[in-house]
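Remarks on the overall topology
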Amino acid sequence: MVANLIHSQEALHGEFGGVVPELAARDHLEKLPGLVDGVLKKAGQEPDGIDRIGVTRGPGLVGCLLIGVGLARGLGAAWEKPVVGVNHLWGHVYAALLGRPDLSPPLLALVVSGAHTDLVWMLEHGRFEVLGRTRDDAAGEAFDKAARMLGLGYPGGPALDRLARGGDARRQALPKPALPGLEFSFSGLKTALLYRLRDLGGEVTEQDRADLAAAFEESVVGALMEKLDQALDRRPATEVVVCGGVAANTLLRRRAGEVVGARARLTIPPLELCTDNGAMIAAAATYAPVNDLTVDPGLGW
Ligand code: KG4
Ligand code: ZN
């Protein structure tokens, strides 16, 4: 990786407790051109030195996607460079290649983000087979909702991660979602936390909150690891990737190492490349064909 710049919208959305699509799009429009300039300066590059421009075409918020693709098309025309539309989910997997250029498919990937919880088999560059996914909430969404119930700000995942460090999961144990096959479900766990908080009434101490955060994290990570373990049994892989925003979670990073063990080589991108970033889109664009730039908010694998 040569250079990567991130403009965080955490402060922008934090006030509202979640992403406000129109504000997100307006902020993209304002900040993207400056980021492009900044990253070129940081890399010490002129537009001439670029091979191609990668841009997310989905899945995601339609307003933000349209602004990104519009800017990329404009830059492509001005600089006479090809523009490659990239699948955001592929981007998360390709983030793993930034630190390990030798990493290549076939590989097993667990992609855990704010909107996805997918176990995928990557057959070759640009070809993915979904082995299992969530039936309801994504792991990141579950963390964010649990964090809100525990009175933590947005984004909830990192705050819950920090709170859980001072807690003991056994003191407030919550059920671990159990589904057949390689599917996930986190909405029942969310309800279990809601009821537990209700049962505790007004008596929730700081220690209880930390214990509840640890218990919630234990159940989510436990379920993720159980399915990763089963997937590895079914599809013996030599390479395993755990990626997406939730792969920044402290407990998940530790447990993934234990579960994969000596069975395969595990790659988890560094923290700043787990949560959304431009470098992962550039990495995916390196391997993707120069394909269509159709914006698709619901794009799948
Ligand atoms: O991949 P990502 O940045 O955006 C999407 O594509 O959705 O993932 C964001 C999700 C959020 O739900 C956020 O709370 C979660 O990743 N997240 C975490 C941690 N850091 C980010 N969840 C648990 N522990 C963390 N340390
Ligand atoms: Zn993402």
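Right, let's walk through the structure included here. (Residues numbered from 1 in each chain as written. Chains lettered and ligands numbered in written order. Predicted model: local features only at pLDDT ≥ 70, side-chain atom pairs only at ≥ 80, totals over all residues. Heavy atoms only, no water.)

1. Things to note about the site of ligand 1
What counts here: Throughout, the term near means that a residue has one or more heavy atoms lying within 4 Å of the molecule or strand in question. Pairing of N or O atoms within 3.5 Å defines a polar contact, subject to two protein rules: one partner must be a possible hydrogen donor and the other a possible acceptor, and residues neighboring in sequence count only if both atoms are side-chain atoms. A 1.4 Å probe and the Shrake-Rupley method give the accessible areas. Residues count as covered only by the protein chains that appear here. In DSSP terms, a helix is any run of H or I states spanning at least four residues, a strand is any run of E spanning at least two, and both are numbered starting from the N terminus. Ten residues, namely Ala, Val, Leu, Ile, Met, Phe, Trp, Tyr, Cys and Pro, are considered nonpolar, four, namely Asp, Glu, Lys and Arg, are considered charged, and the remaining ones, Gly among them, are considered polar.
Surrounding ligand 1, one finds 17 residues, the nearest of these being His-92, Gly-114, Asp-144, Asp-161 and Asp-276. Asp-161 places a polar side-chain atom, nitrogen or oxygen, 2.9 Å from a nitrogen atom of ligand 1. At 3.1 Å from a nitrogen atom of ligand 1 is found a side-chain nitrogen or oxygen belonging to Asn-249. Protein contact buries 86% of the 550 Å² of open area that ligand 1 shows by itself. Put simply, the parts of the chain that give the shell around ligand 1 at least two residues each are helix H4 (88-99), helix H5 (139-149) and helix H6 (156-164). A class-by-class count of the residues in the shell around ligand 1 yields five nonpolar, nine polar and three charged.

2. What to know about the nonpolar core
This is how the line gets drawn: By nonpolar core we mean a set of buried residues, namely Ala, Val, Leu, Ile, Met, Phe, Trp, Tyr and Cys, connected to one another through side-chain atoms within 4.5 Å. Relative accessibility decides the category of a residue: with a 1.4 Å probe and only protein chains considered, values under 20% of the type maximum give buried, values over 50% give exposed, and everything between is partly exposed. Contacts are assigned to residue pairs that have any heavy atoms within 4.5 Å of one another.
Of all hydrophobic cores here, the largest spans 52 residues; its most connected members are Phe-216, Leu-224 and Leu-228. Of all elements in the fold, only strand E3 (107-112), strand E4 (117-124), H5, H6, helix H7 (187-200), helix H8 (206-234), strand E6 (239-243) and helix H9 (250-260) reach the threshold of two or more residues within this core. Of the residues forming this core, the biggest block, 14 residues, is contributed by H8. Beyond its immediate chain neighbours, meaning those up to four positions away, Leu-228 contacts Leu-108, Leu-110, Leu-119, Val-240, Val-242, Val-259 and Val-260. Membership of the second largest hydrophobic core comes to 25 residues, among which are Val-86, Leu-107, Ala-109 and Ala-285.

3. Thoughts on the coordination of the zinc ion (ligand 2)
Note the following rule: Counted as donors are N, O and S atoms no farther than 2.8 Å from the metal, or 3.2 Å for Na, K and Ca; water is not among the atoms, and sites may therefore look incomplete.
Around the zinc ion (ligand 2), the protein supplies His-88 (NE2), His-92 (NE2) and Asp-276 (OD) as donor atoms, at distances of 2.0 to 2.1 Å. Read N to C, the donor residues that coordinate the zinc ion (ligand 2) are spaced as H-x3-H-x183-D. Here His-92 is found in helix H4, whereas its partner Asp-276 is found in the loop between helix H10 (271-274) and helix H11 (278-287), with 184 residues between them in sequence.

4. Thoughts on the side chain of Gln-172
Looking at the element boundaries, Gln-172 is found in the loop between H6 and H7. Residue contacts for Gln-172: discarding those within four places in its chain leaves Arg-196, Leu-200, Asp-208, Asp-211, Leu-212 and Ala-215.

5. Observations regarding helix H3 (residues 62-79)
Counted only if it meets this: A helix's residues, less one, multiplied by 1.5 Å, set its expected span.
The terminal C-alpha atoms of H3, which comprises 18 residues, lie 25 Å apart, in line with the 26 Å expected from a rise of 1.5 Å per residue. Of all the positions in H3, only Cys-64, Leu-65, Ile-67, Gly-68, Val-69, Ala-72, Leu-75 and Gly-76 are classed as buried. Elements that come into contact with the buried residues of H3 comprise helix H2 (21-43), strand E1 (53-58) and strand E2 (83-87). The positive-phi residue at the C-terminal boundary of H3 is Glu-80, with phi of around 55 degrees.

6. Observations concerning the pattern of salt bridges
Two side chains carrying opposite charge are able to pair once their charged atoms lie near each other. This is how it is decided: Should a side-chain nitrogen of Lys or Arg be within 4 Å of a carboxyl oxygen of Asp or Glu, the pair is scored as a salt bridge.
Throughout the structure, instances matching the rule amount to 21 salt bridges. The closest approach of N and O atoms between Asp-27 and Lys-31, which form a salt bridge, is 2.8 Å. In this pair, Asp-27 and Lys-31 are both assigned in helix H2, four residues apart and thus about one turn of the helix distant. Residue Lys-31 is classed as partly exposed on the basis of its relative accessible area, which comes to 30%.

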